[in-house]
Amino acid sequence: LSVGWHDIEILFEEDFGGAGCIAEFRRAGATRGGSGAFQVLPNNKLSPYTNDLPVLASYASGLTARFYQGFKPSCKVTDHNLGARTPALERVDQTVNYASTSSPWHTGLHSDNFMAQWTGQIHIDQAGTYEFKITSDDASRISIDGNIVADNPGCHGMRAVTGTASGLSVGW
């Protein structure tokens, strides 16, 4: 990845039972422990979209979160034509770090049979290959610049999947 801002999308589908989703990253080749450990996507490296346009980091941090209800997820992490749906809740989440729970993530949301979508941009400070990890219960995926880099399909308990993104450059 080059230095600069890169589009990021995280999709999550919850069927029933526990629901959790945690998105992390690290620079590839880093040693485990210390700065080489996976870290939850930090809000100071994230910028939400407003009306599908990126905003400058100085104005906001985090990702635009949209929560959809009223349909049966497929546990395949398809987009379910989300652009044509009205979210039950839209807000900016500072990060994606939801531990598995059987309770709703927010008052008024269902605890089962929902989908969450986080969109925005992630800032890369140092060019190179990055590893992304998505841990979820149930299905989830992370896409960078429109390319799926970590895909965690299926109905399952908390499970982690990693993938890499390369060719990202430095910058805004």
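Whatever comes next refers back to the structure up there.
Summarised in this report is the structure supplied together with it. Keep in mind the model is a prediction, meaning the values are calculated, not measured.

Moving on, we get to the pairing of strand β2 (residues 19–27). For β2, the buried fraction is high: eight of the nine residues fall into the buried class. Bridge count between β2 and strand β8 (residues 97–101): three bridges; the pairing is antiparallel. Paired with isoleucine 22 across the two strands is asparagine 97, which belongs to β8. As judged from the eight bridges shared by β2 and strand β10 (residues 128–137), these two strands associate in the antiparallel manner. Its bridge partner being in β10, isoleucine 22 is matched across the sheet by threonine 135. Judged from the two bridges that link them, β2 and strand β3 (residues 39–40) form a sheet pairing that is antiparallel. Residue pairing across strands places glutamate 24 opposite valine 40, the latter belonging to β3.

Let us now look at the nonpolar core. Of all hydrophobic cores here, the largest spans 31 residues; its most connected members are Ile10, Leu41, Phe67, Trp105, Trp118, Phe132 and Ile142. Top element by residues in this core is strand β9 (residues 114–124). It accounts for five residues. In this structure, phenylalanine 67 is in contact with Pro87, Ala88, Leu89, Arg91, Asp93, Tyr98, Trp105, Leu109, Met115, Ala116 and Trp118, ignoring residues within four places of it in sequence.

Scanning all chains against the criterion turns up five salt bridges. Across the salt bridge formed by lysine 133 and glutamate 24, the nearest N and O atoms sit 3.5 Å from each other. Of this pair, lysine 133 sits in strand β10 while glutamate 24 sits in strand β2; the two residues are 109 residues apart in sequence, bridging distant segments of the chain. Accessibility assignment for this pair places lysine 133 and glutamate 24 in one class, buried. Between aspartate 125 and lysine 45 there is a salt bridge, and its shortest N-O distance comes to 2.3 Å.

This part is about the environment of serine 47. Relative to the helices and strands, serine 47 is located in strand β4 (residues 46–50). Relative accessible area serves as the criterion here: at 1%, serine 47 is assigned to the buried category. Each C-alpha atom, one on serine 47 and one on glycine 120, is 5.5 Å from the other, the two residues being 73 residues apart in sequence.

Each value, and the rule that gives it
- One numbering rule holds for all chains: residues counted from 1, following each sequence as written.
- Residue-level local features of this predicted model are given only where pLDDT is at least 70; pairs of side-chain atoms are given and counted only at 80 or more, and the full residue set underlies all totals for whole chains, interfaces and linings.
- The side-chain quantities take in all heavy atoms of the structure and omit both hydrogens and water.
- Between buried and exposed lies partly exposed: a residue is buried under 20% and exposed over 50% of the maximum accessible area for its type, with that area taken using a 1.4 Å probe on protein chains only.
- Helix and strand definitions here come from DSSP, where helices need a minimum of 4 consecutive H or I residues and strands a minimum of 2 consecutive E residues; each element is numbered from the N-terminal end.
- Between any two strands, pairing holds if DSSP finds at least two bridges.
- Residues belong to one nonpolar core when they are buried, are Ala, Val, Leu, Ile, Met, Phe, Trp, Tyr or Cys, and are joined through side-chain atoms within 4.5 Å.
- Note on contacts: a residue pair qualifies if any of its non-hydrogen atoms lie within 4.5 Å across the two residues.
- Whenever a carboxyl oxygen of Asp or Glu lies within 4 Å of a side-chain nitrogen of Lys or Arg, that contact is scored as a salt bridge.

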